[in-house]
Amino acid sequence: MKKNHGLSGAELEVMQVLWEKEKPVKIQEVCDALPDNKWAYKTVGTLLIRMEEKGAVKSDKIGRTNYYSPLIDKEEYREEQTKILVSKLYNGSVKELAAALFRSDDMTQEDIEEIKKMFGL
């Protein structure tokens, strides 16, 4: 996998739809899956073309219609972006990231219990 695909926020939203669909989809299907029909057909088409140029998606033409599918694995992308986040914001320290998460108000007691179970604590 090409490292750091550098997807923009908008491109990532489109990629999330592609990951969820788990099959090649038409532009209109992406539009329909976005919350509140967020962008116009042409905008989504432009995003997909840009993503194809980056090597993040591929298109297959069937008849006159392009069908798009992801070339990036969701879990690999998450890992890649997490490493970038840790490197940029936490000086490469996963411990600092974990501490920040535990200190945040977003971490529930249930989250903490699940994490403890993951580590066998």
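Residues numbered from 1 in each chain as written. Predicted model: local features only at pLDDT ≥ 70, side-chain atom pairs only at ≥ 80, totals over all residues. Heavy atoms only, no water.

A. How the structure looks around the environment of Thr65. Within the fold, Thr65 resides in strand β2 (residues 65-70). Thr65 sits in the partly exposed class, given a relative accessible area of 30%. For the pair formed by Thr65 and Ile27, sequence separation is 38 residues and the distance between their alpha carbons is 8.9 Å. Every residue in contact with Thr65, bar those within four places of it in the chain, is listed here: Lys26 and Asp60. (Helix = DSSP H or I, 4+ residues; strand = E, 2+ residues; numbered from the N terminus. Buried < 20%, exposed > 50% of the residue type's maximum accessible area, 1.4 Å probe, protein only. Contact = heavy atoms within 4.5 Å.)

B. Representation of the pattern of salt bridges within the structure. Per the counting criterion, the structure on display carries seven salt bridges. Of the charged contacts in the structure, one is a salt bridge between Glu29 and Lys23, with a shortest N-O distance of 3.1 Å. Residue Glu29 is classed as partly exposed on the basis of its relative accessible area, which comes to 24%. Among the residues examined, Lys23 registers a relative accessible area of 42% and is labelled partly exposed. As a salt-bridge pair, Arg78 and Glu75 come within 3.3 Å of each other at their nearest N and O atoms. One end of the pair, Arg78, and the other, Glu75, are both in helix α4 (residues 74-89), three residues apart, so they sit about a helical turn from each other. Within this structure, Glu11, Arg50 and Lys54 form a network of salt bridges that share partners. (Salt bridge = Lys/Arg side-chain N within 4 Å of Asp/Glu carboxyl O.)

C. View of the packing of aromatic side chains. One pass over the structure, following the stated rule, counts one aromatic pair. Their ring planes at 50° and their centres at 6.0 Å tell us that Trp19 and Tyr77 sit as a pair that is tilted. Taken together, the positions of Trp19 in helix α1 (residues 9-21) and Tyr77 in helix α4 put the pair 58 residues apart, joining distant regions of the chain. We note that Trp19, like Tyr77, is buried. (Phe/Tyr/Trp six-rings, centres within 6.5 Å; stacked < 30°, edge-to-face > 60°.)

D. The environment of Leu71, seen in detail. Among the secondary structure elements, Leu71 is positioned in the loop between β2 and α4. On the accessibility criterion, Leu71 (47% relative accessible area) is partly exposed.

E. Structural view of the side chain of Glu11. Mapped onto the fold, Glu11 is located in helix α1. A residue is classified by how much of its surface remains accessible, and Glu11, at 0% relative accessible area, is buried. Of note is the side chain of Glu11, whose polar atom sits 2.7 Å from the side chain of Lys54. In this structure Glu11 touches Gly6, Leu47, Arg50, Met51 and Lys54, once residues within four positions along its chain are discounted. (Polar contact = N/O pair within 3.5 Å; in protein donor to acceptor, adjacent residues only side chain to side chain.)

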